[in-house]
Amino acid sequence: MSTSTVTLGKALNMGLRRAMEDDSKVLLMGEDIGKLGGVFRITDGLQKDFGEDRVIDTPLAESGILGTAVGLAMRGFRPVVEIQFDGFVYPAYDQIVCQVAKLHARSRGRLPMSIVIRIPFGGGIGAVEHHSESPEAYFAHTAGLKVVACSNPVDAYWMIQQSIKHPDPIVFFEPKRRYWEKADLDTEATPEPLFASRLVREGSQVTVLAYGPMVKTALQAASAAQEEGISVEVVDLRTVSPLDMGPVLDSVRRTGRCVVVHEAPANLGLGAELSARITESCFFDLEAPVLRVGGYDTPYPPSKLEEDYLPDLDRVLEAVDRSLAF
Amino acid sequence: MSEVPELAQPGFEPNPFAPHHDPIGEGSAPVDEQSPIDQPELVQLLTPEGERVEHPDYSIDLTTEEIQGLYRDLALVRRVDVEATALQRQGELGIWASLLGQEAAQIGAGRALQPDDMAFPTYREHGVAWCRGIDPMSIIGLFRGCDSGSWDPVETKFNLYTIVIGAQTLHAVGYAMGMQRDAGPGACLAFFGDGATSQGDVNEAFVFAAVFDAPVVFFCQNNQYAISEPIEKQTRIPLYRRASGFGFPGIRVDGNDVLAVLAVTRRALEAARSGQGPTLIEAYTYRMGAHTTSDDPSRYRLASEMEAWKLKDPIERLKAYLIRSGQADAAFFESIDAESDELAAHIRKATVEMPDPDPVSMFNNTYAEITPELAEQRDTFVAYQAGFSEEASQV
């Protein structure tokens with residue numbers, strides 16, 4: 001039986017397992033990923049089955065994890081690194097930006113840098129500070145890195161495997177508050193390409209762009225809008241860098257209106273880049289400026305306030321209304 | 001400084017290094033008044049005067065040809081360095097990081113490497129590069145601004161230069177962990193300086209190497225300065241003693257003694273290859289030149305300090321030994337001088353004739369396969385550049 005109902009977290013676990021079975025050069029590295037199976041249990045059972053040499057409980061040092069992953073990648077391994085929480089990636093930022101991202105170019109393609117950096121990201125789980133951040137723009141801004149974000153169990157299963165097979169370093173964002181979302185997963189299906197955006201709900205009046213945890217929010221907003229007679233189209237970007245603008249521009253040319261949603265602060269976030277590109281490519285098709293719904297330009301607030309900080313169904317609908325009012 | 005200092009102290013004194021770097025004369029005590037308790041051994045097989053001495057733990061037995069070969073290495077890499085510095089002064093290189101004074105540390109370490117070993121340099125290891133068979137022009141090309149180092153790090157087993165201080169020590173440990181996992185032969189040799197020991201990455205590299213028992217040797221060239229900051233701005237204890245806190249051996253070697261460096265590094269690499277884990281080597285040496293050609297050391301150190309270290313010059317002491325022991329005659333040194341002149345002439349000619357890189361090449365290799373959006377940027381760039389040549393042809 002190749003189809004089962006699984007959570008997003010379990011789908012990642014299954015994807016990692018399959019990638020390790022397919023290629024003995026795949027290694028997992030991170031804090032607490034062995035016996036514990038990771039704080040979110042994404043690597044549950046893998047050390048038991050693949051051993052401590054392939055599922056490596058590392059010292060508590062993020063730069064050390066990424067720096068040693070670089071050396072392993074040079075040696076021909078495919079390290080898959082788990083950063084425990086989004087806000088803990090910054091000690092590794094130098095290794096990621098200065099080394100991981102650049103070594104392929106600096107070595108004229110001689111040094112392979114097949115590293116996947118898994119980062120559970122975003123808020124909505126009532127966590128303490130540094131556990132709810134959305135740092136994707138920092139990485140999308142860096143040439144040499146690719147950045148993807150899965151939004152559902154099926155994508156999680158396939159995208160993690162595709163990322164591990166991919167020759168370039170990839171920052172793989174996992175929507176931590178959606179780890180427990182379920183879907184039917186067919187492990188024999190043919191996956192979609194990794195760096196492809198996807199139309200996930202058809203509509204005619206406004207295009208909503210989202211990725212990671214905000215795809216579900218966008219879909220909920222589209223359903224709510226429909227009850228009021230407003231037709232909202234939703235595109236799941238899936239890839240944040242490089243952007244796959246084809247499906248985005250197709251949609252915006254039809255609807256003439258676009259709202260971008262992400263948890264990260266709107267200022268200089270992905271919404272700004274998408275807005276610029278949409279404006280450059282389909283200026284005369286637009287009926288309204290591209291609008292952004294994002295986090296505010298504050299530190300991520302204490303959890304009692306996070307519902308006020310995070311974009312939700314109502315804020316998306318409010319932006320849809322503003323777009324339609326132009 | 002009159003002697004290579006013995007710096008280890010039992011602890012508590014606030015700054016055991018201060019007297020050694022006290023050019024304005026405000027230090028509390030001269031070197032020889034410090035307590036001799038727990039003084040560390042500094043491994044030396046050749047005195048500054050060129051006298052061959054024995055050490056209870058480290059010995060080396062080289063043929064005359066091998067010792068002559070070391071002399072040739074030292075002399076030629078110094079000539080490369082002198083020429084590169086001159087070329088920078090003439091505007092041919094953007095910058096140059098001189099190895100002057102550190103030749104023995106680098107040649108000793110470089111010649112300890114076996115073919116299966118992998119070296120991870122900073123940006124100053126021109127001598128190690130030489131031992132790995134890398135064309136000096138590849139290094140000069142980097143400092144001229146043509147590329148990021150054109151040698152093949154896989155083929156030469158010499159990683160690209162790493163500019164970010166200490167970052168490469170983690171790469172070395174990771175690569176060594178890979179050697180463990182694919183049961184490959186060899187060990188890694190990670191280079192860094194005294195300043196780098198303050199970096200988090202170097203300390204994390206020590207932790208990872210220790211807990212995973214990685215086959216890596218940490219080779220610290222303590223050249224006394226991190227640009228302008230003397231060693232006491234980095235540490236209160238001798239650097240080699242840091243290793244004990246991480247749980248592996250540390251050893252200090254006279255970094256201006258090529259025989260001692262070779263012996264100590266060989267031993268440490270052999271230990272790493274045979275599963276005994278990491279060693280920290282502190283090669284005690286002196287940066288006789290500036291940090292780079294952009295630096296002015298006269299602002300932060302006295303000429304007298306430099307003069308004292310000149311007496312410990314790594315090349316002169318090997319020359320003295322070769323002469324004293326009758327292992328080389330005037331003809332040998334003349335032949336090295338001639339080879340050196342020839343190399344220098346080649347470097348000067350090849351540098352000025354070095355072509356600029358193709359502008360479009362900056363788009364290459366950002367990714368394994370160019371992305372559609374980057375290809376679009378590249379094509380726009382090409383068309384934009386072509387516009388200028390069309391304009392020129394119309395004039």
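Rules used throughout
Residues numbered from 1 in each chain as written. Chains lettered and ligands numbered in written order. Predicted model: local features only at pLDDT ≥ 70, side-chain atom pairs only at ≥ 80, totals over all residues. Contact = placed C-beta atoms within 7 Å. Helix = DSSP H or I, 4+ residues; strand = E, 2+ residues; numbered from the N terminus. Nonpolar A, V, L, I, M, F, W, Y, C, P; charged D, E, K, R; others polar. Buried ≥ 20, exposed ≤ 12 C-beta atoms within 10 Å, placed from the backbone. Axes fitted to C-alpha atoms, helices over the stretch in contact; angles between N-to-C directions. Left-handed = near helix turned anticlockwise from the far one by under 90°. Pairing = 2+ DSSP bridges. Core = buried A, V, L, I, M, F, W, Y, C linked by C-beta atoms within 7 Å. Domains from an automatic or database assignment. Expected span 1.5 Å × (residues − 1).

1. Thoughts on the interface of chain A and chain B
For step 1, the next point in the chain: At the interface, 32 residues of chain A touch 30 residues of chain B.
For step 2, the next point in the chain: Going through the elements one at a time, α3 (62-74), α4 (93-100) and α5 (103-106) of chain A are the ones with two or more residues in the side of chain A that touches chain B.
For step 3, the next point in the chain: Considering every element that reaches the side of chain A that touches chain B, the biggest residue donor is α3(A), with nine residues.
For step 4, the next point in the chain: Looking at the side of chain A that touches chain B residue by residue, the class counts come to 14 nonpolar, 11 polar and seven charged.

2. Some details on the environment of Gly91(B)
Residues and elements named next belong to chain B.
For step 1, the next point in the chain: By secondary structure assignment, the location of Gly-91 is in the loop between α1 (64-89) and α2 (103-112).
For step 2, the next point in the chain: Its 7 C-beta neighbours within 10 Å are what place Gly-91 among the exposed residues.
For step 3, the next point in the chain: C-alpha separation for the pair Gly-91 and Arg-144, spaced 53 residues apart in sequence, amounts to 9.2 Å.

3. A look at the packing of α2(B) against helix α9 (residues 258-273) of chain B
Residue and element names in this part refer to chain B.
For step 1, the next point in the chain: Between α2 and α9, whose axes approach to 8 Å, the crossing angle comes to 40°. Handedness of the α2/α9 crossing: right-handed. Residue-level inspection shows Ala-104, Ala-105, Ile-107, Gly-108, Ala-109, Arg-111 and Ala-112 of α2 in contact with α9, the latter providing Val-258, Val-261, Leu-262, Thr-265, Arg-266 and Leu-269.
For step 2, the next point in the chain: Per-class residue counts for the contact of α2 with α9 are nine nonpolar, two polar and two charged.

4. Things to note about the pairing of strand β4 (residues 78-82) of chain A
Residues and elements named next belong to chain A.
For step 1, the next point in the chain: Counting buried residues along β4, five of its five residues qualify, which places the element largely inside the surrounding structure.
For step 2, the next point in the chain: Side chains Arg-78, Val-80 and Glu-82 of β4 all project onto a buried face; the interleaved residues Pro-79 and Val-81 project onto the opposite face, where all are buried too.
For step 3, the next point in the chain: Here five bridges tie strand β2 (residues 26-30) to β4, and the two strands are oriented parallel to one another. Across the sheet, residue Val-26 finds its bridge partner in β4, namely Arg-78.
For step 4, the next point in the chain: As paired strands, β4 and strand β5 (residues 116-121) are joined by three bridges and run parallel to one another. Among the inter-strand pairings, Glu-82 is bridged to a residue of β5, identified as Arg-118.

5. Points about the sheet that holds strand β9 (residues 198-201) of chain A
Residues and elements named next belong to chain A.
For step 1, the next point in the chain: Spatially, the five strands line up as an open sheet ordered β9-β11-β10-β13-β14, and their pairing is mixed. On the outer flanks of this sheet lie β9 and β14 (291-295), each paired with one strand and no other. Neighbour to neighbour, the strand axes of the sheet diverge by 25° on average, direction disregarded.
For step 2, the next point in the chain: Relative to strand β11 (residues 232-236), β9 runs antiparallel, the two sharing three bridges. Pairing of Arg-198 across the sheet is with Asp-236, part of β11.
For step 3, the next point in the chain: Most of the contacts of helix α10 (residues 270-282) go to strand β13 (residues 258-265), to which it runs at about 155°, and overall it touches β10 (206-210), β13 and β14.

6. Side note on the nonpolar core
For step 1, the next point in the chain: Counting residues in hydrophobic clusters, the biggest one holds 192 residues, and the most contacted among them are Val208(A), Ala218(A), Val259(A), Ala190(B), Val216(B) and Ile281(B).
For step 2, the next point in the chain: Look past the residues within four positions of Ala190(B) in its chain and what remains in contact with it is Phe120(B), Gln168(B), Thr169(B), Ala172(B), Ala205(B), Val216(B), Phe218(B) and Phe219(B).

7. Here we look at the domain arrangement of chain A
All names here are of chain A.
For step 1, the next point in the chain: The domains assigned to chain A are domain 1 (3-186) and domain 2 (198-325).
For step 2, the next point in the chain: With centres defined by C-alpha atoms, the gap from domain 1 to domain 2 works out at 26 Å.
For step 3, the next point in the chain: When residues of the side of domain 1 that touches domain 2 are traced back to their parent elements, those giving at least two are α6 (136-140), β6 (146-149) and β7 (170-175).
For step 4, the next point in the chain: Of the residues forming the side of domain 1 that touches domain 2, the biggest block, four residues, is contributed by β6.
For step 5, the next point in the chain: Residue classes in the side of domain 1 that touches domain 2 are distributed as 10 nonpolar, seven polar and seven charged.

8. Thoughts on helix α13 (residues 372-394) of chain B
Residues spaced three or four apart along an α-helix face the same direction, because each turn holds 3.6 residues.
For step 1, the next point in the chain: When the terminal C-alpha atoms of α13(B) are compared, their 33 Å separation across 23 residues agrees well with the 33 Å that a helix rising 1.5 Å per residue should span.
For step 2, the next point in the chain: In terms of burial, α13(B) is a largely surface element, zero of the 23 residues being buried.

9. Here's the deal with the environment of Gln95(A)
For step 1, the next point in the chain: Relative to the helices and strands, Gln95(A) resides in helix α4.
For step 2, the next point in the chain: Through-space distance from the C-alpha of Gln95(A) to that of Glu62(A) is 9.3 Å; in sequence the pair is 33 residues apart.
For step 3, the next point in the chain: Not counting residues within four places of it along the chain, the set of residues in contact with Gln95(A) comprises Ser63(A), Leu66(A), Gly67(A), Val70(A), Val100(A) and Ala167(B).

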